[in-house]
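Residues per chain are reported as follows:
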Amino acid sequence: MNPKTAYQARDYARFYDWTYEGTIEDIPFYLAAAGEHGSPVLELACGTGRITIPLAREGLEVIGLDISAEMLRIAKEKLSKERPEVRARVRLIEADMSDFALDEAVSLAFIPAASLFHLSGQEEQSSCLSCASKHLGPGGALIVDLIPADRMANQAVGETREIGRSVSPSTGLLTRELNKKLSIDKEAQQVTVEHTYVEQLPDESEKRYVFVEHYTWVTEDQMRGLLAEAEFTKVEVFGGYEREPFTDASERMIFVAVK
Ligand SMILES: C[S@@+](CC[C@H](N)C(=O)[O-])C[C@H]1O[C@@H](n2cnc3c(N)ncnc32)[C@H](O)[C@@H]1O
């Protein structure tokens, strides 16, 4: 089977926690939302459990769903080091978020870190939102954290930027992360990005791992349309995790949709 995302490759997944080390600013936002809507909560595209595990530590029942067996393997390894009661609160499921059915309903579902953009277009994105909607009862909420469309569309193409450099705690090797936008297709609303990790080996040689990933963005209006189709009745959009108003200057476009 062809992989749907680079995250299914072991060598891509293994760099994830190094890349996102210290990214915690969205966690209190999801905790507050769970406080409002209740648990269990469903994290779509949960990855290595960056958000799943802290939520479970705070007493929430969390279902984490991801398509990448590799990302889930790392999540399970991290979870195995948690207290038994934290472990017992987490259920990890390998599935495609654009086509899934669970055997239980949830009070809150969320898609963090612009992960909806990993789906290939509006048909898959719409299917993902309706699958989420089917698992929510009246008053249940779906949160989708995205990057505003104009930020996605207006990025420099062809330039290689170093976006991270440090010694990885898991390998002990100096590691660099490079990011290069290969193309931007404004009609298809798709950005193609080359992600490269460079490890400096003990003999001073370098080992490179190159992955290409496509990201399909949506505009605010398109997203409102998709959420209406998925039977969400009340939709709010925020510009950040403090629930700031969404403006032209916002770095995030966060939808909170209630059924
Ligand atoms: C940026 S990571 C986010 C991980 C985690 N939610 C976090 O915030 O740290 C994106 C995740 O989306 C997952 N993903 C991509 N396409 C997917 C799909 N079709 N269904 C489920 N997960 C998918 C990848 O495997 C990866 O774990």
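This is a predicted model, so every value here is computed, not measured.

*Asks:* I'd like a description of the site of the ligand, backed by residues and values.
*Replies:* Neighbouring the ligand are 21 residues, the closest being Y16, E43, A45, R50 and D66. D66 places a side-chain nitrogen or oxygen 2.6 Å from an oxygen atom of the ligand. Taking 590 Å² as the accessible area of the ligand by itself, protein coverage stands at 99%. Split by residue class, the shell around the ligand holds 12 nonpolar, 5 polar and 4 charged.

*Asks:* Can you break down the sheet that holds strand β9 (residues 206-216) residue by residue, with the values?
*Replies:* The strand order β6-β7-β8-β9 describes an open sheet built from 4 strands, whose pairing is antiparallel. Edge positions in the sheet fall to β6 (160-167) and β9, since each has one partner strand and no second. Across the sheet, the axes of successive neighbouring strands diverge by a mean angle of 20°, strand direction being ignored. In this structure, strand β8 (residues 190-200) lies alongside β9, joined through 11 bridges in antiparallel fashion. Across the sheet, Y197 pairs through a bridge with Y209, a residue of β9.

*Asks:* Please give an account of the pattern of salt bridges that cites residues and values.
*Replies:* Overall, the coordinates contain 20 salt bridges when judged by the stated rule. In this structure, R73 and E77 form a salt bridge, with 3.6 Å as the shortest nitrogen-oxygen distance. Of the two residues, R73 and E77 are both situated in helix α5 (residues 69-79); the distance of 4 residues between them amounts to about one turn of the helix. Here R224 makes a salt bridge to E220, at a shortest N to O gap of 3.2 Å. Taken as a pair, R224 and E220 lie in helix α9 (residues 220-229) at a separation of 4 residues, close to a single helical turn. With relative accessibility at 26%, the residue E220 sits in the partly exposed group.

*Asks:* Hey, could you go over α5 for me, with residue numbers and the actual values?
*Replies:* All buried positions along α5 are accounted for by E70, M71, L72, I74, A75 and L79. Summarising the contacts, the buried residues of α5 are in contact with α1 (10-13), α2 (16-19), α4 (52-57), β2 (62-66), α6 (84-88) and β3 (90-94).

*Asks:* Let's hear about the nonpolar core: which residues, and what values?
*Replies:* Formed by 54 residues in total, the largest nonpolar core has its most connected members in L129 and L142. Inspection of this core shows a minimum of three residues originating in each of domain 1 (6-147 + 219-258) and domain 2 (151-216). Aside from chain neighbours lying at most four places away, what touches L142 is A109, F110, I111, L129, A132, L136, L227, F232, F255, V256 and A257. Membership of the second largest hydrophobic core comes to 24 residues, among which are L60, L108, I254 and V258.

*Asks:* For unusual backbone geometry, give the residues involved together with the corresponding values.
*Replies:* Note the cis peptide between S39 and P40, where omega equals 10°. The residue P40 is located in the loop between α3 (27-37) and β1 (41-44) in this model. Phi at A45 is positive, roughly 65°, even though this residue is not glycine. Its location among the elements puts A45 in the loop between β1 and α4. If you check the backbone angles, E231 has positive phi at about 70° while not being a glycine. Along the chain, the position of E231 falls in the loop between α9 and β10 (234-238).

*Asks:* Got a sec to walk through helix α7 (residues 122-134)? Specific residues and values, please.
*Replies:* Since one α-helical turn is 3.6 residues long, residues separated by three or four positions face the same way. With 13 residues, α7 extends 18 Å from end C-alpha to end C-alpha; this agrees with the ideal 18 Å at 1.5 Å per step. Along α7, the residues that are buried comprise Q125, S126, C128, L129, C131, A132 and S133. Taken together, the buried residues of α7 touch β1, β4 (106-111), β5 (136-146), β9 and α9.

Cut-offs used in this document
- Residues numbered from 1 in each chain as written.
- Predicted model: local features only at pLDDT ≥ 70, side-chain atom pairs only at ≥ 80, totals over all residues.
- Heavy atoms only, no water.
- Near = heavy atom within 4 Å.
- Polar contact = N/O pair within 3.5 Å; in protein donor to acceptor, adjacent residues only side chain to side chain.
- Areas by Shrake-Rupley, 256 points an atom, 1.4 Å probe, with all protein chains shown as cover.
- Nonpolar A, V, L, I, M, F, W, Y, C, P; charged D, E, K, R; others polar.
- Pairing = 2+ DSSP bridges.
- Helix = DSSP H or I, 4+ residues; strand = E, 2+ residues; numbered from the N terminus.
- Axes fitted to C-alpha atoms, helices over the stretch in contact; angles between N-to-C directions.
- Salt bridge = Lys/Arg side-chain N within 4 Å of Asp/Glu carboxyl O.
- Buried < 20%, exposed > 50% of the residue type's maximum accessible area, 1.4 Å probe, protein only.
- Contact = heavy atoms within 4.5 Å.
- Core = buried A, V, L, I, M, F, W, Y, C linked by side-chain atoms within 4.5 Å.
- Domains from an automatic or database assignment.
- Expected span 1.5 Å × (residues − 1).

So yeah, pure geometry; function would need other evidence.
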